[in-house]
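Observations on chain architecture
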Amino acid sequence: MVTDVINTNELHKVDPVFGQLSFDNHEQVVFCNDKDTGLKAIIGIHNTVLGPALGGTRMWNYTNEWEALNDVLRLSRGMTYKSAITGLNLGGGKAVLIGDAKTQKTPELMRKFGEFVHSLSGKYITAEDVGMTTADMDTVREVTPYVTGISESIGGSGNPSPITGYGVFMGMKAAAKFRFGTDVLEDKVVFVQGIGNVGETVVEHLVNEGAKVTITDINQERLEEVKKKYGVSIYEGNDLYSEEMDIYAPCALGATINDDTINKFKTKVIAGAANNQLAVEAVHGKLLQDKGIVYAPDFLINAGGIINVYAELEGYDRKEIMRKTENIYNTTLEILNNAKANNITANQAALNIAQNRIDARKAENKR
Ligand code: NAD
């Protein structure tokens, strides 16, 4: 199974929270518990220098609490850099709910979670992530205004996934331009791993452009549905990472670029929606660079969703959302060129630019 989690068996050997690598100077971590609804949640607030910490809520059946904690810390840190590089005045935060979204998610549990979000007085603003729907955000909205991604009928921006998918497609085209000299994806062999809300949109754009798309998912029904709708192939093998392809698009969960997969890759480009694709950023980012694989940083190219929900807070329109999302193409190309010029990984180049923006604001705030 793919999770955003690494080496959880080893985690108990370090200090539980502050000592974790993924803690990385979080401002606040909030543990939420409610016996009546069965709610067990963790909210990570990584950084609020640029604005309130905005990031989705994920519900996942974690094997243990270490996994959940590590996941939320990695995800909220990622949100800090995502908003910073996208030029939004938002900080980074994220929440995880421990449990099976199919069987344990109830309106009562979502409302209770909303009450915890509300208790933070807007320091953390939530949204959708894996295991959540727009309807769940509407339930949270009943008890707190600190939620985005609510239905359009009640003043929200609706499901952010199609915009995220479009942004990923833009980032993928930029990476193709860098690697192949053209951003036209016609006839390019692309494997899309995970064809959920975002993955399906990526498939749609790829098919419209004439790419040769193969899909994988753990949900057989979804595979058949998407195959029928777009005429794409379902992957029949058992080692996707070893396959010859032009582009690998991870659109399921994170950490698929790891010690086990890194030496298998034959792809030329990696560009996908999943958060935290590099199991250990510095290690696996560098190994990809050494292998000549062009990697479009995940937190840069999957920012369409946050651009979309940010519009709810700032009140800008659809045209501006699309303009900002299309700009992911330019930023990605800029970062890949910057990385090449400075002989650093693309991930590091993106992090540097994001961190510079945060540091500049911090200095400004001190004046
Ligand atoms: P989703 O839950 O709708 O889809 C995920 C899909 O991945 C599901 O179809 C699931 O069955 C599949 N999957 C899970 N494990 C798999 C595995 N091992 N192999 C293959 N498929 C597997 O989620 P989504 O909203 O499409 O998000 C996908 C990814 O993009 C997540 O990592 C999410 O954090 C990230 N992301 C989403 C948004 C957004 O706007 N929804 C924004 C930014 C980042």
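What counts, and where the lines are drawn
Residues numbered from 1 in each chain as written. Predicted model: local features only at pLDDT ≥ 70, side-chain atom pairs only at ≥ 80, totals over all residues. Heavy atoms only, no water. Helix = DSSP H or I, 4+ residues; strand = E, 2+ residues; numbered from the N terminus. Buried < 20%, exposed > 50% of the residue type's maximum accessible area, 1.4 Å probe, protein only. Lys, Arg positive; Asp, Glu negative; His and termini not counted. Salt bridge = Lys/Arg side-chain N within 4 Å of Asp/Glu carboxyl O. Contact = heavy atoms within 4.5 Å. Core = buried A, V, L, I, M, F, W, Y, C linked by side-chain atoms within 4.5 Å. Near = heavy atom within 4 Å. Polar contact = N/O pair within 3.5 Å; in protein donor to acceptor, adjacent residues only side chain to side chain. Nonpolar A, V, L, I, M, F, W, Y, C, P; charged D, E, K, R; others polar. Domains from an automatic or database assignment. Arc of directions from axis to C-beta. Pairing = 2+ DSSP bridges. Buried area = accessible area lost by both parts, 1.4 Å probe.

One non-glycine residue, Ser121, lies in the positive phi region at around 55°. Following the sequence through the fold, Ser121 ends up in the loop between helix 3 (107–119) and strand 6 (124–125). Note on Ser121: relative accessible area 56%, which makes it exposed. A positive phi angle, close to 70°, is found at Asp187, a residue other than glycine.

Position of Lys82 among the secondary structure elements: in helix 2 (residues 65–86). Buried and without a salt bridge, Lys82 has Asp129 as its closest oppositely charged side chain, separated by 7.0 Å. Setting aside residues no more than four positions away along its own chain, Lys82 makes contact with Asn275, Phe299, Asn302, Ala303 and Ile306.

Ranked by internal contacts, the top residues of the largest apolar core, which has 67 residues, are Met172, Val192, Val203, Leu206, Val213, Ile215 and Ile306. Of the residues forming this core, the biggest block, 9 residues, is contributed by helix 5 (residues 161–180). Counting residues in hydrophobic clusters, the runner-up holds 22 residues, among them Ala53, Ala95, Ala101 and Met110.

Okay, the environment of Val190 next. Tracing the backbone through its elements, the reader meets Val190 in strand 7 (residues 189–193). Counting along the chain gives 132 residues from Val190 to Arg58, while the straight-line C-alpha distance between them is 27 Å. For Val190, the residues in contact, after removing those within four places along its chain, are Leu206, Ala211, Lys212, Val213, Thr214 and Ile247.

For the rest of this paragraph, the subject is the site of the ligand. Taken together, 22 residues sit near the ligand, with Thr164, Val198, Asp217, Ala252 and Asn275 positioned nearest. Between Thr164 and the ligand, the recorded distance is 2.7 Å, taken from a side-chain N or O atom to an oxygen atom. One of the backbone nitrogen or oxygen atoms of Val198 is found 2.8 Å away from an oxygen atom of the ligand. Elements with a contribution of two residues or more to the shell around the ligand: helix 5 and helix 6 (197–208). Here the shell around the ligand is built from residues that sort into 9 nonpolar, 9 polar and 4 charged. Shared between two domains, the shell around the ligand takes at least three residues from each, and those domains are domain 1 (20–73 + 93–154) and domain 2 (161–355).

For the rest of this paragraph, the subject is helix 8 (residues 281–290). For helix 8, the full list of buried residues reads His284, Gly285 and Leu288. When helix 8 is viewed along its axis, its buried side chains cluster within an angular range of 105° and face the same direction. For helix 8, the exposed residues set more than 90 degrees away from the buried face come down to Ala282 and Asp290. If you follow the buried residues of helix 8, they end up packed against strand 11 (269–270) and strand 12 (294–295). Where helix 8 terminates, the next one or two residues include Gly292, which has phi positive at roughly 75°.

With respect to the secondary-structure elements, Ala350 resides in helix 12 (residues 346–366). For Ala350, a relative accessible area of 0% gives the class buried. Measuring from C-alpha to C-alpha, the distance between Ala350 and Glu334 comes to 9.5 Å, with 16 residues separating the pair along the chain. Ala350 has contacts with Ile85, Pro297, Phe299 and Ile335, leaving out every residue within four places of it along the chain.

A word on the pattern of salt bridges. Taken as a whole and assessed by the stated rule, the structure comprises 18 salt bridges. The salt bridge involving Lys229 is made with Glu200; its shortest N-O contact spans 2.7 Å. Taken together, the positions of Lys229 in helix 7 (residues 220–230) and Glu200 in helix 6 put the pair 29 residues apart, joining distant regions of the chain. Looking at Lys229, the relative accessible area reads 57%, which means it is exposed. In this structure, Lys324 engages Glu320 in a salt bridge whose closest nitrogen and oxygen atoms are separated by 2.9 Å. Of this pair, Lys324 and Glu320 both sit in helix 11 (residues 318–342), 4 residues apart, which is roughly one turn of that helix. Taken together, the salt bridges that share partners define one network made up of Arg58, Asp71, Lys94 and Asp129.

To continue, consider the sheet that holds strand 12. One open sheet accounts for 6 strands, arranged 9-8-7-10-11-12; its pairing is parallel. With one partner strand each, in any of the chains shown, strand 9 (233–234) and strand 12 form the two edges of the open sheet. As paired elements, strand 10 (residues 247–250) and strand 11 share 2 bridges and run parallel to each other. Within strand 11, the position partnered with Ile247 by the bridge is Val269.

To continue, consider the domain arrangement of the protein. Splitting the protein by domain gives domain 1 (20–73 + 93–154) and domain 2 (161–355). Computed from C-alpha coordinates alone, the two centres of domain 1 and domain 2 are separated by 25 Å. Opposite the 11 residues of domain 1 that make contact, domain 2 presents 6 residues. If you sort the residues of domain 1 by the area they bury against domain 2, Leu54, Arg58 and Thr148 come out on top, with a joint share of 44%. Taken together, the connections running from domain 1 to domain 2 amount to 0 salt bridges. Linking domain 1 with domain 2 are 1 residue pair in polar contact (both at pLDDT 80 or more), by the criterion used here.

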